[in-house]
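Structural overview
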Amino acid sequence: MNTDQFNQLLLLLGKIADKQYTITGATDWPMVYVLGGIFVIVFGGMWVDLRGTIKNNKDEWKSALIAHEQAEEKQFDHVWRSQRDCQSDCCPPRLKQNVGQTG
């Protein structure tokens, strides 16, 4: 690159640097439209995929939830059964006392 080409490049870069680009400037609106379109396309595609996944796995999730609830119920029954067994082992049964009878 010779000195004339280098000077022309510096002048061109100076012109580019002097031009102001703001978000409200008319030159930025096409860029905003493109970025907004990309945003809509990406999130729209993600939503369609998520909706399809939910529809496909709905029955599987329901059966897993039912199995989880049944397992919790079994654990709950086991705790109460253990408590009753412990009380019958540790605590003597209460005898019915007749109140007011002497003799």
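Basis of the calculations
Residues numbered from 1 in each chain as written. Predicted model: local features only at pLDDT ≥ 70, side-chain atom pairs only at ≥ 80, totals over all residues. Heavy atoms only, no water. Patch = residues over 30% accessible without salt bridge, like charges linked within 9 Å, V, L, I, M, F, W, Y side chains within 5 Å. Areas by Shrake-Rupley, 256 points an atom, 1.4 Å probe, with all protein chains shown as cover. Salt bridge = Lys/Arg side-chain N within 4 Å of Asp/Glu carboxyl O. Helix = DSSP H or I, 4+ residues; strand = E, 2+ residues; numbered from the N terminus. Buried < 20%, exposed > 50% of the residue type's maximum accessible area, 1.4 Å probe, protein only. Phe/Tyr/Trp six-rings, centres within 6.5 Å; stacked < 30°, edge-to-face > 60°. Lys, Arg positive; Asp, Glu negative; His and termini not counted. Charge placed at Lys NZ, Arg CZ, Asp CG, Glu CD.

1. Description of a nonpolar patch on the surface
- Residues Met31, Val34, Leu35, Ile38, Phe39, Val40, Val42, Phe43 and Met46 make up a contiguous nonpolar surface patch of roughly 900 Å² in combined accessible area.
- Along the chain, Leu35 falls in helix H2 (residues 29-90).
- Judged by relative accessible area, Leu35 falls into the exposed class, the value being 54%.

2. As for the packing of aromatic side chains
- Counted by the stated rule, this structure contains two aromatic pairs.
- Where Phe76 meets Trp80, the ring centres are 6.1 Å apart and the plane angle is 75°; that geometry is what we call edge-to-face. Placement of the pair is Phe76 and Trp80 together in helix H2, with a separation of four residues, close to one helical turn.
- Take Trp80: its relative accessible area is 40%, and that puts it in the partly exposed class.

3. Overview of a negative patch on the surface
- Residues Glu69, Glu72, Glu73 and Asp77 make up a contiguous surface patch of negative charge.
- Overall, Glu73 belongs to the exposed group, its relative accessible area being 52%.

4. Quick notes on a positive patch on the surface
- Together, Arg51, Lys55, Lys58 and Lys62 line one region of the surface with positive charge.
- Judged by relative accessible area, Lys62 falls into the partly exposed class, the value being 48%.

Taken by themselves, the reported measurements are silent on function.
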